[in-house]
Structures are given as structure tokens and as C-alpha cells.
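# Observations on the model geometry
Now for the letters of each chain:
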Amino acid sequence: MTSSDARDVVGDYEAGWHDPETSTIRFDAGLSEKIVRDISGLKNEPEWMTEVRVKAYHHFINQPMPSWGNLEILDNIDFEAITYFLRSGDKTEKDWDDVPEDIKRTFNRLGIPEAEQKWLGGVTAQYESEAVYHSIREDLEEQGVIFLDMDSGLREHEDIVKKYFCSVVPFQDNKFSALNTAVWSGGSFIYVPKGVKVEMPVQAYFRINAKNMGQFERTLIIADEGSSIHYVEGCTAPTYSTESLHSAVVELIAHKGAHIRYSTVQNWSNNVYNLVTKRAVANENATVEWVDGNIGSKLTMKYPAVILKGTGAHAEVISVAYAGNGQHQDAGAKVHHLASNTTSKILSKSISKDGGRGSYRGMVTVGKKAENCKVNVVCDALILDEESQSDTYPTMEISNPTCRSEHEASVSKVSDEQLFYLMSRGHNEEEAMALIVNGFFEPFTRELPMEYAVELNKLMALEMEGSIG
Amino acid sequence: MSGKGVLEIVNLHAKVGDEEILKGIDLTLKKGELHALMGRNGSGKSTLAKVLMGHPEYEVTDGSVTLDGEDILELETWERARLGIFLSFQYPQSVPGLQVGNFLRKSVSTVRGDDAPKARDFRRELNSAMEKLSVDKKFLGRYVNDGFSGGEKKRLEILQLMLLKPQLAILDETDSGLDIDALRTVATGINASVSDAACLIITHYQRILDYVNPDYVHVIIDGKIASSGGPELARKLEESGYEWLEEGVNE
Ligand SMILES: Nc1ncnc2c1ncn2[C@@H]1O[C@H](COP(=O)(O)OP(=O)(O)O)[C@@H](O)[C@H]1O
Ligand SMILES: [Mg+2]
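As the structure is a prediction and not an experimental result, all values here were calculated from the model.

### A word on the overall build of chain A
- A tally of helices and strands in chain A yields 13 helices and 21 strands.
- In chain A, which comprises 469 residues, the share counted as buried stands at 61%.
- Sequence separation of at least 24 residues holds for 84% of the intrachain contacts in chain A that already meet a minimum separation of 6.
- Taken as a whole, chain A presents about 18,300 Å² of accessible surface, with 47% of it coming from carbon and sulfur.

### Some points on empty space enclosed by the protein
Residues and elements named next belong to chain A.
- For the structure shown, the criterion picks out six cavities of 30 Å³ or more.
- By volume, the second largest cavity is sized at about 110 Å³.
- The wall of the second largest cavity is formed by 16 residues, among which E217, E233, A248, Q266 and V276 lie closest to the centre.
- Among the secondary structure elements, those contributing two or more residues to the lining of the second largest cavity are β10 (259-268) and β11 (273-282).
- Looking at the lining of the second largest cavity, its residues break down into five nonpolar, seven polar and four charged.

### Description of the site of ligand 1
Residues and elements named next belong to chain B.
- In the neighbourhood of ligand 1, the contacting residues comprise V16, I21, R40, N41, G42, S43, G44, K45, S46, T47, E57 and Y58.
- S43 places a main-chain nitrogen or oxygen 3.2 Å from an oxygen atom of ligand 1.
- G44 places a polar main-chain atom, nitrogen or oxygen, 3.0 Å from an oxygen atom of ligand 1.
- Here ligand 1 loses 66% of its free accessible area of 550 Å² to cover by the protein chains.
- Counting residues per element, the shell around ligand 1 draws most heavily on helix α1 (residues 45-53), which supplies three residues.
- For the shell around ligand 1, the residue count by class is three nonpolar, six polar and three charged.

### Side note on the packing of helix α3 (residues 100-112) of chain B against helix α5 (residues 150-164) of chain B
Residues and elements named next belong to chain B.
- One way to put it is that α3 packs onto α5 with a least axis distance of 10 Å and a crossing angle of 35°. Between α3 and α5 lies a crossing whose hand is right-handed. Across the interface between the two elements, V100, F103, L104, S107, V108, V111 and R112 from α3 touch L156, L159, Q160, L163 and L164 from α5.
- A per-class count over the contact of α3 with α5 returns nine nonpolar, two polar and one charged.

### Focus on the sheet that holds strand β17 (residues 343-352) of chain A
Residues and elements named next belong to chain A.
- Ordered by their spatial adjacency, eight strands build an open sheet running β5-β7-β10-β12-β15-β17-β19-β21, and the pairing between neighbours is parallel. The strands lining the two open edges of the sheet, one partner per strand, are β5 (202-203) and β21 (404-413).
- On the sheet, helix α12 (residues 429-445) packs against β10, β12 (287-296), β15 (314-323), β17 and β19 (374-383) and is oriented at approximately 160° with respect to β17.

### Here's the deal with helix α4 (residues 119-132) of chain B
Residue and element names in this part refer to chain B.
- Here α4 is 14 residues long and its end C-alpha atoms lie 20 Å apart, about the 20 Å a rise of 1.5 Å per residue gives.
- Restricting attention to buried positions, one finds in α4 the residues F122, L126, A129 and M130. Each buried residue of α4 sits inside an arc of 100° when the element is viewed along its axis, so together they form one side. Exposed residues on α4 whose side chains face more than 90 degrees from its buried face are R120, R124 and E131.
- In this structure, the buried side of α4 is in contact with α3 and α5.
- Backbone geometry just downstream of α4 places S134 in the positive-phi region, at approximately 50°.

### Re the packing of α3(B) against α4(B)
All names here are of chain B.
- With their axes 12 Å apart at the nearest point, α3 and α4 run at an angle of 110° to one another. Judged on the interaxial angle alone, α4 and α3 are roughly perpendicular. Seen from above, α3 lies across α4 with right-handed handedness. Counting all contacts with α3, which are made through L104, R105, V108 and R112, the residues of α4 involved are F122, E125 and L126.
- When its residues are assigned to classes, the contact of α3 with α4 shows four nonpolar, no polar and three charged.

### Let's talk about the coordination of the magnesium ion (ligand 2)
Residues and elements named next belong to chain B.
- Within the protein, the atoms that donate to the magnesium ion (ligand 2) are S46 (OG) and Q90 (OE1), at distances of 2.1 to 2.3 Å. On the criterion of sequence distance, the pair formed by S46 in helix α1 and Q90 in the loop between β6 (85-88) and β7 (95-99) is long-range, its members being 44 residues apart. For the pair formed by S46 and Q90, the shared burial category is buried.

### Some details on the pairing of strand β14 (residues 305-308) of chain A
Residues and elements named next belong to chain A.
- Along β14, one buried face is formed by A305 and I307 and the opposite face, lined by V306 and L308, is buried too.
- In this structure, β11 lies alongside β14, joined through four bridges in parallel fashion. Considered in β14, the bridge of A280 is made with V306.
- One ladder, built from four bridges, connects β14 with strand β16 (residues 328-337); its direction is parallel. Following the sheet pairing, A305 is matched in β16 by K334.

### Some thoughts on unusual backbone geometry
- Even without a glycine there, the phi angle at A:S297 is positive, about 75°.
- The topology assignment puts A:S297 in the loop between β12 and β13 (299-302).
- At B:K165, a residue that is not glycine, the phi angle is positive and equals roughly 50°.
- In this structure, B:K165 sits in the loop between α5 and β9 (168-172).

### Quick notes on the pattern of salt bridges
Residue and element names in this part refer to chain A.
- Counted under the stated rule, the structure contains 25 salt bridges over all chains.
- Measuring nitrogen to oxygen at the nearest pair gives 3.6 Å for the salt bridge that ties E233 to K278. With a gap of 45 residues between them, E233 in strand β7 (residues 228-234) and K278 in strand β11 connect regions that are remote in the sequence. Across the pair, K278 and E233 agree in class, each one buried.
- With a closest N to O distance of 2.9 Å, R261 and E447 form a salt bridge.

### Side note on the interface of chain A and chain B
- Counting residues at the interface gives 20 residues for chain A, matched by 33 residues for chain B.
- When chain A packs against chain B, the two sides together hide about 2,000 Å² of surface, and 62% of this comes from carbon and sulfur.
- The largest share of the area that chain A buries against chain B comes from A:F420, A:Y421 and A:R425, three residues that together contribute 38% of it.
- Connecting chain A to chain B are two salt bridges.
- Between B:R82 and A:E431 there is a salt bridge, with its nearest N and O atoms 3.2 Å apart.
- If you look at where chain A meets chain B, you find 14 residue pairs in polar contact (both at pLDDT 80 or more).
- Of all the secondary-structure elements, those providing two or more residues to the side of chain A that touches chain B are α11 (416-423) and α12 of chain A.
- The element that contributes the greatest number of residues to the side of chain A that touches chain B is α12(A), accounting for seven residues.
- A per-class count over the side of chain A that touches chain B returns seven nonpolar, seven polar and six charged.

Parameters and conventions
Residues numbered from 1 in each chain as written. Chains lettered and ligands numbered in written order. Predicted model: local features only at pLDDT ≥ 70, side-chain atom pairs only at ≥ 80, totals over all residues. Heavy atoms only, no water. Helix = DSSP H or I, 4+ residues; strand = E, 2+ residues; numbered from the N terminus. Buried < 20%, exposed > 50% of the residue type's maximum accessible area, 1.4 Å probe, protein only. Contact = heavy atoms within 4.5 Å. Areas by Shrake-Rupley, 256 points an atom, 1.4 Å probe, with all protein chains shown as cover. 1 Å grid on protein atoms, 1.4 Å probe; cavity = no way out; pocket = protein on both sides within 12 Å on 5 of 7 lines; lining within 4 Å. Points joined across faces, edges and corners; volume = space filled by probe spheres on them. Nonpolar A, V, L, I, M, F, W, Y, C, P; charged D, E, K, R; others polar. Near = heavy atom within 4 Å. Polar contact = N/O pair within 3.5 Å; in protein donor to acceptor, adjacent residues only side chain to side chain. Axes fitted to C-alpha atoms, helices over the stretch in contact; angles between N-to-C directions. Left-handed = near helix turned anticlockwise from the far one by under 90°. Pairing = 2+ DSSP bridges. Expected span 1.5 Å × (residues − 1). Arc of directions from axis to C-beta. Parallel < 35°, antiparallel > 145°, perpendicular 65-115°, else oblique. Donors = N, O, S within 2.8 Å, 3.2 Å for Na, K, Ca; no water. Salt bridge = Lys/Arg side-chain N within 4 Å of Asp/Glu carboxyl O. Buried area = accessible area lost by both parts, 1.4 Å probe.

Structure follows, in C-alpha cells:
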């Protein structure tokens, strides 16, 4: 099917795409201005959004690839071969038999229920915990919190979306944010009103279905003055995707005194390029925390960023990355101190094994007028064998002399003595490795909701299996 | 199995690199017996301990080690641990991020296998052992040996001894770095755990032997047992040093 006759098949948008499972729209591979306009048209978007998409598209076309990161792998991305818009319907669902055996095995070992396995494997588009999502949503609605998928957010709260969309990550930012802006679909839209403190973590996982798992998710979270929210996305189970490019954009706005924590654990199958732009603005006395775990994928490039715009704002970025065979995790953090008395803390941990590569790429800037800022950066790498590799690219540009900054970096290997000690307590080599590795990730894991922490520990134990002689 | 030697070491030779360190050790430890192994720094005490636990760096070139008749030299370190061999390390390793409580629970479960206590019983055992060792509850939340003082490390080793309930316990210089009060506490822990087990206490001071009473004392010199006897041998070493034995060896 080509893009031009897609609309003929589906008809114009009427009630939203709430019941689309009977129809399948799939554009041909490749991208053009026409496809971009069609995507917007199919969703019946307001004119301004269509124009933003089109501008972003042109920017994407003219923008060169990043000149850093893993160029060898990046250059392999064939943009022409990618399908940019996909409405999930029965026909697009894969067969359970197509899901690779090793992924199914991991599902079983992690004890994931069958229905959920099928969803994670892309076999079913809907996951039955939808019901749970609804009850969570009702709780939130009572407090005046808006929690919608991004398409509904645009439809139902156009004024808010228009005000903040692209305000933190302009499409001109980089090639992939331009691409996302041009073709985005799905993602979350959250608005927390003044003074409202959402106690329970809000989990995207409860509302998972195909449209939220899109390749080009767009998430926008606004925490109004004095409010707080903890948003959790992703899951530790391997997420199998035949679509090789995943390029999301996440924008967070923390108003005066607000607190946003955004936690992610992602475990893509190892054919996926995961190129994500995440950025937050923290106003006066606001706090933004990114808790970001990356396991799997072929190449991840992800540097959650915080712009400390208001006096006394605080940023924290805690990330872990695990790079196994054939994988490159290029992850890190960016913090820009634009105001006085702002503080930031970056903790980045990477593990590489079986020839995997973990890179830390960090950037901290302190502006001339930002007095009395504090910066703390710690990055630790653990290398599990001779074939694997770790590198760090830290950058600090401090333009105000009153800034206090600390930077520590370490690279370590698992020592034979450490293994011997643990094995003398009855743990075989794989179990001993898992204890060491999970210990290494512990400063990250303890920040996660309990069930995620438990799953991540199990997953890392599985990763330690099989490859030890 | 009473009367039968629990651990039998016969003519054990071991080397690291090209250097032979153990040069023919013979030693038999029976169930319920406490043996002290004494010797100067560098005489091969830790090497013997590590060889018994299966450290991969040391190569056994001759001799045999059996536990209740079973050849243990063929076993992996963790298999030996599950068989009931325990080593209290002279230099325990740290594992950042691994919490003591979690580590103890996991180790007890693998080592004691089917006999491992269920959650509540484990708690009870743990609390009682910690009380005996005067160890604070906060200990459980700390990372294994990470930033521990010498004394704390030794207490954790003995806490593990008490919970893992081995049939053969090898304690390598558990007394060094302990003040007298700590030594007394730790000795209480040892005495409580080894009454049914065979126990080899490695030390180069007589001091700890005032609190745990060895049935036998052996002196190792240059990778060989130079002399064996009762507790009086330890006292003699305290008074006269090792020279008189070394002369004997060098003759
Ligand atoms: N891993 C090793 N590599 C090289 N030499 C070693 C190693 N382990 C022990 N040795 C040597 O073996 C001898 C005995 O060491 P050790 O068993 O630690 O003595 P002790 O515990 O009685 O003080 C020493 O000379 C020591 O240097
Ligand atoms: Mg020693």
C-alpha cells in the first residue's frame, strides 16, 4: 500500500484511533514531505502541528549525521528502508514462531506471564493490563492530573501541547530529534497541576499497547509549581522489535519548586538502533532526576539532559548501561547550569562483556553568570573480559570561578581474588559474576521501584550465564 | 564416620608459577578436633589454606587431599564449599554494592542446600549469631567488606562461619588485627561453630590459643610440617621462637 491510498482505505479520522485493530495502514518504506503530511492528516492534527512536522522533515533531510558516536554503526542505518508510520492491526502482528528462541527463553526465565510475553514479542498489540491503567488514571484524574497518550493529549489539550511542544527539544537540535518531530506517534502526555504530589510512580508499562511502543514516541511531561511526579517507562524483559530504528524524544518541564523523576529501563533486542533525545528544563528550586538503564540494542545513543534555568535548581542523572556481544552503549548525561546556586550530580556506570563496548559521554557547562554552582560527576566502568571495551568522553566547560566541581572516573575488572572469595561461599562462577555485576549496578537499582529492581537483578544473572567456560 | 579421618592431606606439593611452596604436607584432621597451624610469615600457611579451597592460581603437583574418603582436589571451589569446607580469609575481598544481609542469605542457601533454614529461621539464626559477635544490625545493610576495618572484616568472616556450619573450617589468621576484646568475642563465635567440625586454625601468635583450645599444634617451616604436638608446643614457640625447629630442619 502506498501512502496516497492509505486515507482512502481508512476514511477520515473521526473518533480517534481507539478501535483500529480491524484495519491496517502501513506506508511504504522511505520518507517524503507527502508522507509527513499524510501522517498528520490521518491523525486529523491542527495545522500548526502539520507545519512543525514538515519543517522538521526538511531539517532532517538537510542535517548531516552526527559526527561522533559510533559512526561505523550509525552509517549502517538505511533511512529509506524504514517504515515511518504504522498503525497496528491484526495483520501487522507477528507470529509467535517468529520471535527468536533466545528471547522466548529469557521471558520464561524471568517468569513473565504468557499474555505479556506475547505483547513484548510484538505478537499482540494490546496488553490486558489496560484495565489497571484505567484505574490508575481515575486516581490521577481526581487530583487533576492529565495522563494521556500523546495523540490524545494533542487532541484534548491542544493549548498546553502547543505551548510546550519542541520548547525543550527544538527539532533543529539534532538529526534524530528532527526525524522524531516529523513522524512522531504515541508516547505520553502528562500535566501535573500546581502543588499536586503524585505519590505512586506512574508507570507507562500499565498502558502498553502498540501505539505507545512506537518507533518514534514523543513524550511531554509538565510539572506545575510545587508539584511532583515519578514516571516509569520501559521494562527489563527483552523487547523484541523488527523495526530497527527507535528514535524517541522526551521533554520535561519542571516549574518552580517542582520535582520530576523519570525512570527508564530498556532492553531492546540487539538489532535495534536506540537513538533518543531526552531533555528537561528545571526552573527555580526545581529538581529533575533521570534514572536511565540501557540493556540490549545494537547501538544506543542517549544522554539525558537537564537545563538548570532557575536559581537553586537541582539535576541528577543516574545511568547504567550493559553492552554485550555486538552491542555499543554510548550513554551519559548533559547538564547546563544557567543560574546561580544550581547543583548537579551525574553517576554513570557501564558494564561491557563478550566484546561489547560501553562509552560514557558527558557534558557539563556552567555559565558566566551562574554563581556558586556545584557539579559532581562519577563514572565507573566494569569490564568483564579481554575482548570488551570501555571509554569515556567527559567534557566540562566552567565559565564561572565560584563553581565547585568534582569528577571521578574508574575502570575496573573483576579480580580472580574477588571471584575466588565468592566461590568459596558456594557460588559458582556465573553466580559469583552476577553478585559482582548486580553489586556494581546497585546504586542505580536501588532507585528503581521494587519489581523493576528484582527483574533487573534476574536479568543480569541471566546475562552472566552461558558464556563462562 | 566417627574414628575416621575427616580430612586427610597426604604428601601435598603445590607450586605457584615455577616456585614450589608446599613441599610435602601430611596432616589428618578428625571430626571435632581443633588443630593449630603455626609458622613464620612466608612459610606457606595461606598457600595451604587456599590450595584446600581450590584457588586456581596454585597447582597441585603431587599428593592427595580427601574429605571422608572423597578426593576433593578434582572439585571446583564452590563444590568444595557446598561439601562443607569453609575458609575464613586472611584478606577478605570487598564486593561493592553487595549487601551483607543479602550475601549471607544467598550463601547460606547455596552452601546448606536442602538443609538451609527458611526465611524466619534464617532471621533467628542470623540475629543470634550477630548478637554473639556483638555486631550491629546496620552491618547487614553495608556492602561486603567495602570500607570495613580489619576487625569488622574478621567478624564478618566468623559470622559466615557460624551461619554456613561447615564440617571443615580453615581459619587463616583470624586473630591478626584484633584487639583483645574483639579477639575474645570472635573466639566465642569460633568455639560455638566448630565443636562438631574439624577445624584448622592458622596463626603465628599463641594469643588466640588462650581462647580456643587446640587439641594439636603443628609447625610449618618452608612448606613442610616441621613438628607436631599438643598445646604445649604452642607455648614453647611463644617462649623460644622458631629457631630451634629451623635448626632441626636445616640439619
Ligand atoms: N600467588 C603467589 N604468587 C607468588 N608467590 C606466592 C604466591 N602465593 C604465595 N607465594 C609465596 O609463597 C610463600 C608462602 O606464602 P604464604 O602461603 O602466603 O605464607 P604465610 O601465609 O605462611 O605467610 C611466600 O614466599 C610467598 O611469597
Ligand atoms: Mg598467610
